[in-house]
Amino acid sequence: MAVWHYFSDPVLRAPTIASMLMCLSASLIGVLVFIRKRSLLGEALSHSAYPGVVCSVILVSLLFPFSEQWLSIGILIGAFISSLLGLFMIDGLEKRLRIKNDAALCVVLSLMFGLGILIASRIQVTHALWYKQIQSFLFGQAATMTDIHILIYGLLTAATLLVMIFCFRFIELIHFDRELAQSLKAPIRSIEGIVFFLLVLAIVIGIRCVGVVLMSAMLITPAVAARPFVNKLSHFFILSALIGMISGFMGNYFSSELPSWFWHSTASISLPTGPMIVLSASTICLFSLLFSPQNGLFNHWILQGRFLFRCKKENFLKLLWKQGHEASWTLAFIREKTHMSWLLLVLLLMNLKIEGLIKKTGKHTYILNEQGWLAASRLVRVHRLWEAYLVHMGQRAEKVHKSAEEMEHIITPELEKELLILLNYPVLDPHQQPIPKPKENL
Amino acid sequence: MNPYWGTSFFEFIVLFFNRMSQWVFGSLTLNELASDEVQVLALICIAFSGALVGCFLVLKRMTMLANSLSHTILLGIVGSYLLLFHSLNTFQLDIDLKILLIASLLTGLITTVLTQFLTQVFRLQEDASIGLVFTTLFALGIVLVTLFTRNMHIGTEVVMGNVDALHPNDLKMVFYIGLVNIGIIGLLFKEFKLISFDPALAKAIGFSPQFFSYLLMVLTAATAIAAFRAVGVLLFLAFITAPVLSARLLTDRLEKVIIYALLIGIGASFFGVALSRHILSSFQIPLSTAGLVVTLLGFLFVLSILIHLGKRRFFKTKLP
């Protein structure tokens, strides 16, 4: 099925759009939870919503049998109440009884979930249909959603969005500069109340398609994925919401497409939507972490590789300098001296040629040109200057070479100048070798 | 036939002790045990291991890591199936000792290492990286299992457990794990205590806190894997935290906390099964035994909160 079918097909449209809306609200709130460093709160609250779901499925099915709208609204209300109850319990355990944050979360989530299982088991045998409905909230079931759900969840998401936009300034102020917010008499308590209210709301909206068990991922993952690429709160919200919506779509897409790639049968099953949405978000997150500009592994490797290459190049230049001015040399000679691999040698030669430091004189023979000579003598100068400096600082002369081998790649021209002035333009290094003079002194 | 059929709460207790003494003195074999007895014994073993491990998890503030572990065991079991060259198409949640061993090592180490990797290399907050790791691995486990077995119910069974489907052979597993737990924690009790209360001193003396937290994680994973058939991973968490926190509210000494937690866990398991049988006998309502046990644990937790608050008011003590 092509991508656009997921937005036009009357059966596929509702689950896809509803999932995207849910992921949108969850990933917006996730940003707030992330910057407050309370990411696991969502895990506890989503599990606390379970007994509410169970109770309201039973209640609504008794009061309004076969009414899809009332059922989904009732579930929302029930889940909201019990999730809020969980929030108060966690708060009470932490503040009144000084129970540590993680233990409080863990005990509330497991006890509430156990309560839910107990109540659900009451109807397991007698009302199997209701029980099945309850079970679908464990891992989410997007496939059975209809246009009514789009309407309900769309309205709730729009409300969340509006509140967020309306309170954006306050949220920004409170989370980044609490003291300023206090001195400006910003309504801190009510804004925090609103944030927690929205958190519970987002969880309640989300459990229909992601499920109770994995709901916390939709709060955490988009925010983590967006973080490396933003440094403004508003951008953070936008990028996180975008990632959330994309993963909501991808989850729906792959949950129905993936099984058919594995088995080419018509009666293939569809994978549970919740785990697929979570996996899509995690995949995006993995890429974002790998390629992030600050702490990304990929970026780190590139920087490291570049530095190593520069060290090799500079050592190469130094070696050529030692052959003397105007001396030409063959590749075979270099190979013999350095035992470099051919690949690295070719790369180095190309790089040096592009920078205009060497010129070719014959077949496989090269010579340092004037610029190359200057660059190489600067390296030697820095090396010997550093040795002289270390001896000046009281180190023994036979120990300084190793340090200089490393420092010659790091010392900047400014530092070199400072060293020259400090040591009063030395002529000889500690090993009685001449220090090449800078150009302007020649 | 099940001899407990139609028994009430007190009849259950009397009959249970009667039959247990028969079992101990050898006139009943393991396979003749009724399902209620298997449930009671399995839950007691789980409560036992859970309280032992849970004490140190709560002390070291690692319960959310245990939460993460209890989810990732699914992928651990899938991984051990692959390592043993079983085909995933025949994947089942039946576990033998070999799978238990490999899966608990895999789960404990991979989860902890990945979480630490995210916090250290990518400078992520710890709770965000815990949440990221376990949701991803759990989702991956569920998708793999559903894809290869075409069984939609395995995920639900992992989360909820099925105490009624326990077999006397499953009892051996939880019993062994209980033995391993008491053996390791008994032997290394001083070390665990030192590392929980003063990691800096422990490090100076030469014990690696890193090693002990890995050991604790592997133990937790093993306990979770042995336990989840019976109670499901989420209720396993209740066995880890609720008795310990209740005990913590009643006393301050570690040894006492462990003993109280053991008593609370074992009591809740026993009376939970008895209560569930009673409700079935007199009201004809089959309730989830694991759910009932956890609700009892919750009830005991609330009770100990009340006792704690009452004590605080009575003695007018301030919070530490």
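All of these numbers come straight from a predicted model, not from anything done at the bench.

**Q** I keep staring at the overall build of chain A and nothing clicks. Help me out?
**A** A count of helical and extended segments in chain A gives 19 helices and three strands. Relative to a compact globule of 442 residues, whose C-alpha radius of gyration would be 22 Å, chain A shows 33 Å and is clearly more extended. Across its three principal directions, the C-alpha atoms of chain A cover 100 × 60 × 35 Å. Sequence separation of at least 24 residues holds for 70% of the intrachain contacts in chain A that already meet a minimum separation of 6. For chain A, the accessible surface area stands at approximately 21600 Å², while carbon and sulfur atoms represent 65% of it. Across chain A, the mean location of the 38 positive side-chain charges is 1 Å away from that of the 27 negative side-chain charges.

**Q** What is the right way to read the pattern of salt bridges from this model?
**A** As a working rule, side chains carrying opposite charge can pair if their charged atoms are close by. Overall, the coordinates contain 18 salt bridges over all chains when judged by the stated rule. Ionic pairing is found between Glu94(A) and Arg38(A), a salt bridge with its closest N-O pair at 3.6 Å. Note that Glu94(A) is positioned in helix α4 (residues 68-96) and Arg38(A) in the loop between α2 (10-35) and α3 (41-63), a separation of 56 residues in sequence. Here Arg38(A) falls in the partly exposed class, since its relative accessible area comes to 24%. In this structure, Glu255(B) and Lys193(B) form a salt bridge, with 2.9 Å as the shortest nitrogen-oxygen distance. Taken as a pair, Glu255(B) in helix α11 (residues 254-283) and Lys193(B) in helix α8 (residues 189-197) lie far apart in primary sequence, 62 residues in all. When its relative accessible area of 29% is taken as the criterion, Glu255(B) is described as partly exposed. A network of salt bridges, in which partner residues are shared, links Arg36(A), Arg178(A) and Glu192(A).

**Q** I keep staring at the confidence of the model for chain B and nothing clicks. Help me out?
**A** Close inspection of predicted coordinates is inappropriate for parts of the model with low pLDDT. The pLDDT averaged across chain B works out to 85; a share of 95% of its residues lies at or above 70. The ipTM value of the predicted complex is 0.90, and its pTM value is 0.84.

**Q** Explanation requested: the state of the cysteines in the structure shown.
**A** Here, disulfide denotes a covalent bond that connects the sulfur atoms of two cysteines. One pass over the structure, following the stated rule, counts zero disulfides over all chains. In this structure Cys45(B) is not part of a disulfide, and its nearest cysteine sulfur, from Cys55(B), lies 17 Å away.

**Q** Looking at this model, I keep getting lost on the interface of chain B and chain A. Mind explaining?
**A** Often the size quoted for an interface is simply the accessible area lost on bringing the parts together. Tallying the contact residues gives 61 residues for chain B and 60 residues for chain A. Interface area lost by chain B to chain A is led by Met64(B), Leu147(B) and Arg150(B), which between them contribute 13%. At the junction of chain B with chain A, the criterion picks out zero salt bridges. Counting every contact that joins chain B to chain A gives 10 residue pairs in polar contact (both at pLDDT 80 or more).

**Q** I'm lost on the pairing of strand β3 (residues 365-368) of chain A in this one. Help?
**A** It is a general feature of regular strands that their side chains alternate between the two faces of the sheet. All names here are of chain A. Side-chain alternation along β3 places Thr365 and Ile367 on one buried face and Tyr366 and Leu368 on a second face that is also buried. As defined by bridge partners, strand β1 (residues 328-330) adjoins β3 across three bridges and the pair is classed as antiparallel. What sits directly across from Thr330, in β3, is Thr365. Two strands pair when backbone bridges link them, and strand β2 (residues 358-362) and β3 are joined in this way by four bridges, in the antiparallel orientation. When the sheet's bridge partners are listed, Ile358 is paired in β3 with Leu368. Hairpin connection from β2 to β3: two residues lie between these consecutive antiparallel strands, with His364 at a positive phi of about 60°.

**Q** Please explain unusual backbone geometry as it appears in this structure.
**A** Trans is the common state for peptide bonds, and a negative phi is the common state for residues other than glycine. Residues and elements named next belong to chain A. A positive phi angle, near 60°, is found at Lys37, a position not held by glycine. Residue position: Lys37 is located in the loop between α2 and α3. By relative accessible area, Lys37 is classed as exposed at 54%. The phi dihedral of Asn424 falls on the positive side, at around 60°, and the residue is not glycine. With respect to the helices, strands and loops of the structure, Asn424 is situated in the segment after α19 (413-422).

**Q** I would appreciate a short explanation of the packing of α8(B) against α11(B) in the present structure.
**A** The description of two helices packed together rests on the angle between their axes and the distance between the axes. Residues and elements named next belong to chain B. Axis separation between α8 and α11 bottoms out at 12 Å; the angle between their running directions is 110°. Here α11 runs roughly perpendicular to α8, going by the angle between their axes. Residues Phe189, Lys193 and Phe197 of α8 touch α11, and the partners they reach there are Leu254, Glu255 and Ile258. Residue composition of the contact of α8 with α11, grouped by class: four nonpolar, no polar and two charged.

The rules we used
- Counting restarts for each chain, with residues numbered from 1 along the sequence as it is written.
- Just so you know, chain letters begin at A and ligand numbers begin at 1, following the order they were written in.
- Reporting of local features is limited, given that this is a predicted model, to residues whose pLDDT is at least 70; pairs of side-chain atoms are given and counted only at 80 or more, and all residues count toward the totals for whole chains, interfaces and linings.
- Neither water nor hydrogens contribute to the side-chain values; these are computed over all heavy atoms in the structure.
- Helix and strand assignments come from DSSP, with helices taken as H or I runs of at least 4 residues and strands as E runs of at least 2, each series counted from the N terminus.
- Both definitions apply: the radius of gyration is a C-alpha atom measure, and the globule rule equals 2.2 Å times residues to the power 0.38.
- Whether two residues are in contact is decided by their heavy atoms, any of which lying within 4.5 Å being enough.
- All accessible areas in this document rest on Shrake-Rupley with a 1.4 Å probe, and a residue is counted as covered only by the protein chains that are shown.
- Residues counted as positive are Lys and Arg, residues counted as negative are Asp and Glu, and His and the chain ends are not counted.
- By convention, charge coordinates are those of NZ in Lys, CZ in Arg, CG in Asp, or CD in Glu.
- Salt bridges are defined as contacts in which a side-chain nitrogen from Lys or Arg sits within 4 Å of a carboxyl oxygen from Asp or Glu.
- For every residue, the accessible area obtained with a 1.4 Å probe (protein chains only) is divided by the maximum for its type, and the residue is called buried under 20%, exposed over 50%, and partly exposed between those limits.
- Confidence per residue, as judged by the predictor, is encoded in pLDDT with a range of 0 to 100.
- Disulfide: a pair of cysteine sulfur atoms within 2.5 Å of each other.
- Buried area is a sum: the accessible area each of two parts loses on coming together, probed at 1.4 Å, counted once for each and added.
- Think of a polar contact as two N or O atoms within 3.5 Å of one another; within protein, one of them needs to be a possible hydrogen donor and the other a possible acceptor, and neighboring residues in sequence only count if both atoms come from side chains.
- Pairing between two strands requires that DSSP report at least two bridges joining them.
- What counts as an axis is a line fitted to C-alpha atoms, over the stretch in contact for a helix, and the angles between N-to-C directions run from 0 to 180 degrees.
- Note that the term roughly parallel is reserved for angles under 35 degrees, roughly antiparallel for angles over 145, roughly perpendicular for angles of 65 to 115, and oblique for everything else.
- Nonpolar residues are Ala, Val, Leu, Ile, Met, Phe, Trp, Tyr, Cys and Pro. Charged residues are Asp, Glu, Lys and Arg, and all others, Gly as well, are polar.

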